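# Structural overview for review
So you can see what is in the structure, the chains are spelled out below.
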Amino acid sequence: LVVAGRGGVPAHATAAVLNVTVTNVTAPSYVTVWPTGEGMPGTSNLNLLPGQTLANLVICRIGAGGALTFANKLAESDVIADVFAYLVE
């Protein structure tokens, strides 16, 4: 998901503050958000159960190409990400 340079986030932003919501979950799983271009961390941002709609605040450094990477390794789901703040170093 490209966030830098879009939706009011300046191209030089270094991190994003997001509300990440997951819905329509098909099996127990987890969602992880991390800077694009880096390895996936060993921690999750949301832990999911089937049928849940769950939201969590996520603060993530912005990676290559001004983007964030999302993964849900164990189930299908819909992921909604609302960027409502950013950080600049």
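For the structure given in this document, a descriptive report is provided here. What you see is a predicted model; the values in this text were computed from it and never measured.

Rules of the game
Residues numbered from 1 in each chain as written. Predicted model: local features only at pLDDT ≥ 70, side-chain atom pairs only at ≥ 80, totals over all residues. Heavy atoms only, no water. Helix = DSSP H or I, 4+ residues; strand = E, 2+ residues; numbered from the N terminus. Rg over C-alpha atoms; globule rule 2.2 N^0.38 Å. Pairing = 2+ DSSP bridges. Axes fitted to C-alpha atoms, helices over the stretch in contact; angles between N-to-C directions. Salt bridge = Lys/Arg side-chain N within 4 Å of Asp/Glu carboxyl O. Buried < 20%, exposed > 50% of the residue type's maximum accessible area, 1.4 Å probe, protein only.

The number of helices and strands found in the protein is 0 helices and 6 strands. Across the protein, helices and strands are ordered from the amino to the carboxyl terminus as β-β-β-β-β-β. Expected size for 89 residues packed as a compact globule is a radius of gyration near 12 Å; at 13 Å, the protein falls within 12% of this value. Based on the C-alpha atoms only, the size of the protein along its principal axes is roughly 40 × 25 × 15 Å.

This part covers the sheet that holds strand β3 (residues 46–48). In space, the 3 strands of this open sheet follow the order β3-β2-β5, with antiparallel pairing throughout. Each end of this open sheet is capped by a strand with a single partner; those strands are β3 and β5 (68–72). Strand-to-strand twist of the sheet, defined as the mean angle between neighbouring strand axes without regard to direction, takes the value 20°.

Take the sheet that holds strand β6 (residues 78–87) next. Spatially, 3 strands are ordered β4-β1-β6 in an open sheet, and the strand pairing comes out antiparallel. Looking at the sheet topology across the chains shown, the edges are occupied by β4 (54–61) and β6. Each neighbouring strand pair of the sheet contributes to a mean axis angle of 25°, computed without reference to strand direction.

In the Ramachandran plot, Asn24 falls in the positive-phi region, its phi being about 55° despite a non-glycine side chain. Tracing the chain through its elements places Asn24 in the loop between β1 (15–23) and β2 (29–35).

When the charged atoms of two side chains lie near each other, side chains of opposite charge can form a pair. Under the criterion given, the structure shown has 1 salt bridge. A salt bridge links Glu38 to Arg61; the nearest nitrogen and oxygen atoms lie 2.5 Å apart. You can see Glu38 sitting in the loop between β2 and β3 and its partner Arg61 sitting in strand β4, a full 23 residues away along the chain. A relative accessible area of 45% means that Arg61 is categorised as partly exposed.

This part takes up the pairing of β1. For β1, the tally of buried residues reaches 8 of 9 residues, placing the bulk of the element in the interior. Sheet topology places β1 next to β4; 8 bridges connect them, and they run antiparallel. By the bridge assignment, Ala15 is partnered in β4 with Arg61. The pairing of β1 with β6 spans 9 bridges and is antiparallel. Opposite Asn19, over in β6, you have Asp82 as the bridge partner.

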